[in-house]
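Survey of secondary and tertiary structure
Residues per chain, in single letters:
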Amino acid sequence: MTAQLIDGNALSKQLRAKVAADTAALKAKGLTPGLAVVLVGDNQASQVYVRNKVKACEDAGLHSVLEKYEATMSEADLLARVEALNHDDSIHGILVQLPLPAHIDAQKVIEAISPAKDVDGFHIASAGALMTGMPGFWPCTPYGCMKMLESIGYDLKGKHAVVIGRSNIVGKPMALMLLQKDATVTVAHSRTQNLKALTLQADVIVAAVGKRNVLTADMVKPGAVVLDVGMNRNDEGKLCGDVDFDGVKEVAGYITPVPGGVGPMTITMLLVNTLESAQRALSEKH
Ligand code: GUN
């Protein structure tokens, strides 16, 4: 193996310790950061995700509430819950776990969240803030990727970054964050022709497609930094990313593993955003 691992568990531990210390300092000033996690229905993966989010809050000393509702909950009732949380002073972050049941318009629910509490960064106001470089909340997964690059002291200025995937949650915001740090950014996707010709020129590759082996060793320039956002299962049922890790690690300069890479960073950045929201709420009071 030639690549150095970027350890998302170790980096998360460091960052969560800082969140815990800053949370304690905020509590000493009389304000406890609070996150509300709303889950509708009984999606198995979502149940695990929300449990992990609430546990991470508890471990770092944040207040959290988990609101669970039946899959039959009406859109109007969910919108009313979000509105109540918008006005709840003990709550600084609101997260409505996706996917929502089909009869609920997820975008409508996201737009009902106050942008001041949109710690997922999914509201169009958050997307607009990211696009224009204004203060707002950045989506947690690409934000975590930026922290990973920062952790290795990587200077993106003038570097070519190729993002594979164009989702609103990862690919598009990832491209904007890299651009903000002066990288030259290419966004590739399922209709891209000759992906390999692009990735071979890349200094940084972010794979965020949700498909195994999207990136293989022959597609990577020696020494490139490879961030793997994928969460898939291989034929043996083991968790794996979008990158052929065993092959690519022999060529890349840095690589994130799956599991233990980008995954833990997503929840870490949720804590960072929730703390930040509480800090903003306090500074607005003064
Ligand atoms: N479902 C899968 N990932 C996420 C996430 O980061 N936030 C929310 N709200 N739902 C998700």
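Keep in mind that this is a model prediction, so the values were computed, not measured.

Rules used in this analysis
Residues numbered from 1 in each chain as written. Predicted model: local features only at pLDDT ≥ 70, side-chain atom pairs only at ≥ 80, totals over all residues. Heavy atoms only, no water. Disulfide = S-S within 2.5 Å. Axes fitted to C-alpha atoms, helices over the stretch in contact; angles between N-to-C directions. Helix = DSSP H or I, 4+ residues; strand = E, 2+ residues; numbered from the N terminus. Left-handed = near helix turned anticlockwise from the far one by under 90°. Contact = heavy atoms within 4.5 Å. Nonpolar A, V, L, I, M, F, W, Y, C, P; charged D, E, K, R; others polar. Pairing = 2+ DSSP bridges. Phe/Tyr/Trp six-rings, centres within 6.5 Å; stacked < 30°, edge-to-face > 60°. Lys NZ or Arg CZ within 6 Å of the ring centre and 35° of its normal. Salt bridge = Lys/Arg side-chain N within 4 Å of Asp/Glu carboxyl O. Buried < 20%, exposed > 50% of the residue type's maximum accessible area, 1.4 Å probe, protein only.

**Describing the state of the cysteines**
Evaluated as defined, the whole model comprises zero disulfides. No disulfide involves C140; its sulfur sits 11 Å from that of C57, the nearest cysteine. Counting only cysteine sulfurs, C145 is the nearest neighbor of C240, a cysteine outside any disulfide, at a range of 17 Å.

**Details of the packing of helix 6 (residues 140–151) against helix 7 (residues 171–180)**
Relative orientation of the contacting elements helix 6 and helix 7 amounts to 35°, with a least axis distance of 9 Å. Between helix 6 and helix 7 lies a crossing of right-handed hand. Judged by residue contacts, P142, Y143, C145, M146 and L149 of helix 6 engage P173, M174, M177 and L178 from helix 7. For the contact of helix 6 with helix 7, the per-class residue count stands at nine nonpolar, no polar and no charged.

**Structural notes on the sheet that holds strand 8 (residues 225–228)**
With parallel pairing, six strands are arranged side by side in an open sheet as 1-11-8-7-5-6. The outermost strands of the open sheet, each flanked by one partner alone, are strand 1 (4–5) and strand 6 (184–188). As defined by bridge partners, strand 8 adjoins strand 11 (residues 254–255) across two bridges and the pair is classed as parallel. Paired with V225 across the two strands is Y254, which belongs to strand 11. In this fold helix 7 packs onto strand 5 (160–164), strand 6 and strand 7 (204–207), with an angle of close to 170° to the strand it touches most, strand 5.

**Things to note about the sheet that holds strand 3 (residues 63–69)**
Pairing is parallel in the open sheet, where three strands are placed in the order 3-2-4. Edge strands, defined here as strands with exactly one partner in the open sheet, are strand 3 and strand 4 (93–96). Neighbour to neighbour, the strand axes of the sheet diverge by 15° on average, direction disregarded. Pairing between strand 2 (residues 34–40) and strand 3: seven bridges, direction parallel. Residue pairing across strands places A36 opposite V65, the latter belonging to strand 3.

**Details of the packing of aromatic side chains**
One pass over the structure, following the stated rule, counts one aromatic pair. Judged by centre distance (5.3 Å) and plane angle (70°), the rings of W138 and Y143 are edge-to-face. The positively charged end of K159 is found above the aromatic ring belonging to Y154, 5.4 Å away from the centroid. Taking NZ or CZ as reference, R280 lies 4.3 Å from the ring centre of F137, over its face.

**Examining the pattern of salt bridges**
One pass over the full model with this rule turns up 10 salt bridges. With its nearest N and O atoms 2.7 Å apart, the salt bridge here joins K221 to D203. One end of the pair, K221, is in the loop between strand 7 and strand 8; the other, D203, is in the loop between helix 8 (195–199) and strand 7, with 18 residues separating them in the sequence. When its relative accessible area of 27% is taken as the criterion, K221 is described as partly exposed. In this structure, E250 and K249 form a salt bridge, with 3.2 Å as the shortest nitrogen-oxygen distance. Residue classification places E250 among the partly exposed residues on the basis of a relative accessible area of 39%. K249 sits in the buried class, given a relative accessible area of 15%.

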